[in-house]
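Each chain is listed here by its residues.
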Amino acid sequence: NNGDLVNECLRKENGHEKEYAVEVNKPITEDFIMKMSKGVRIYNPVTNKYTKTLPCMLKQTSKTTFNIILKQGLNHQIRRMCSAFGYHVMSLKRIRFMQFKLDVEEGKYRLLNNQEIEKLNTNNHNY
């Protein structure tokens, strides 16, 4: 219920981590992991130009799934990054934002504890 703090958290310039669980349509290769983590040249329809995504962290979790941590949030970024290597995203779920695991059921919420609020205020000292 603190709009200023929420806006500070969501501003892309602040580079907060967003973690996603991704399933693709075919087996993941080491080459795919390496190239994806270095940044990918993708078309940005907002600017009508090609752009290179920022480096990110990937961890393969099964034959066709991986977790990716971004500090950037372009529209459909993960789908477009995967597509650049011939992969189609079958499922995509955000599992973490900053230090918050997103494990609350859809339509539900939970209150932040004092430690989480303190960390938020510390991470967002511009607020």
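Being a predicted model, the structure only gives us computed values, none of them experimental.

Colleague: What is the right way to read the nonpolar core from this model?
Modeller: What tends to happen in soluble globular proteins is that the nonpolar side chains get buried as a cluster. Grouped together as the largest cluster of nonpolar side chains are 19 residues, with contacts concentrated most on V22, F32, M36, L58, F66, I68 and C82. When residues of this core are traced back to their parent elements, those giving at least two are β1 (18-24), α2 (30-38), β5 (65-70) and α3 (77-83). Residues within four places of I68 in sequence aside, it is in contact with K18, E19, Y20, V22, M36, C56, M57, L58, I78 and M81.

Colleague: Explain the state of the cysteines here, please?
Modeller: A covalent bond bridging the sulfur atoms of two cysteines is what the word disulfide describes. According to the stated counting rule, one finds 0 disulfides in the structure shown. There is no disulfide at C56, and the cysteine sulfur nearest it, in C82, is 9.5 Å away.

Colleague: I would appreciate a short explanation of the environment of L5 in the present structure.
Modeller: Within the secondary structure layout, L5 lies in helix α1 (residues 3-10). L5 sits in the buried class, given a relative accessible area of 11%. The spatial distance from the C-alpha of L5 to the C-alpha of N121 is 7.9 Å, given a sequence separation of 116 residues.

Colleague: For this particular structure, what's the right way to read the sheet that holds strand β7 (residues 100-101)?
Modeller: Neighbouring strands of a sheet are bound in pairs by backbone hydrogen bonds; such pairs are parallel or else antiparallel. The sheet built from 5 strands is open, its strands ordered β4-β5-β1-β6-β7 with antiparallel pairing. Each end of this open sheet is capped by a strand with a single partner; those strands are β4 (57-60) and β7. Where β1 and β5 come together, 6 bridges link them in antiparallel fashion. Along β5, the bridge assignment pairs E23 with T65. Running at roughly 160 degrees to β4, α2 makes contact with β4 and β5 of the sheet.

Colleague: When you look at the pattern of salt bridges in this model, what are you seeing that I'm missing?
Modeller: Any two side chains of opposite charge can pair, on the condition that their charged atoms come close. The full count for this structure, using the stated rule, is 4 salt bridges. We note a salt bridge from R96 to E17, for which the minimum N-O separation is 2.9 Å. Residue R96 is located in strand β6 (residues 89-97), and its partner E17 is located in the loop between α1 and β1; the two are separated by 79 residues in the primary sequence. Look at R96 and you get buried, because its relative accessible area is 14%. Taken together, the shared-partner salt bridges in this structure form one network comprising E17, E19 and R96.

Colleague: Just checking my understanding: could you explain α2 for this structure?
Modeller: Helical geometry: 3.6 residues make up each α-helical turn, so side chains three or four residues apart lie on a common side. Every buried residue belonging to α2 is among F32, I33 and M36, and all of these are buried. Seen from one end, α2 has its buried residues packed into an arc of 100 degrees, which puts them on one side. Away from its buried face, by an angle of more than 90 degrees, α2 presents the exposed residues E30 and K38. Summarising the contacts, the buried residues of α2 are in contact with β4, β5 and α3. A positive phi of about 105 degrees marks G39, the residue just after α2.

Colleague: How do you make sense of the packing of aromatic side chains when you look at a structure like this?
Modeller: Ring pairs (aromatic) are described by centroid distance and by the angle formed between their planes. For the coordinates displayed, the defined rule picks out 4 aromatic pairs. Here the aromatic rings of F32 and Y87 are separated by 4.2 Å at their centres, their planes lie at 40 degrees, and the arrangement is tilted. Residue F32 is found in helix α2, and its partner Y87 is found in the loop between α3 and β6; the two are separated by 55 residues along the sequence. For F32, a relative accessible area of 2% translates into the label buried. An angle of 65 degrees between the planes, with centres 5.4 Å apart, marks the rings of Y43 and Y50 as edge-to-face.

Parameters and conventions
Residues numbered from 1 in each chain as written. Predicted model: local features only at pLDDT ≥ 70, side-chain atom pairs only at ≥ 80, totals over all residues. Heavy atoms only, no water. Core = buried A, V, L, I, M, F, W, Y, C linked by side-chain atoms within 4.5 Å. Buried < 20%, exposed > 50% of the residue type's maximum accessible area, 1.4 Å probe, protein only. Helix = DSSP H or I, 4+ residues; strand = E, 2+ residues; numbered from the N terminus. Contact = heavy atoms within 4.5 Å. Disulfide = S-S within 2.5 Å. Pairing = 2+ DSSP bridges. Axes fitted to C-alpha atoms, helices over the stretch in contact; angles between N-to-C directions. Salt bridge = Lys/Arg side-chain N within 4 Å of Asp/Glu carboxyl O. Arc of directions from axis to C-beta. Phe/Tyr/Trp six-rings, centres within 6.5 Å; stacked < 30°, edge-to-face > 60°.

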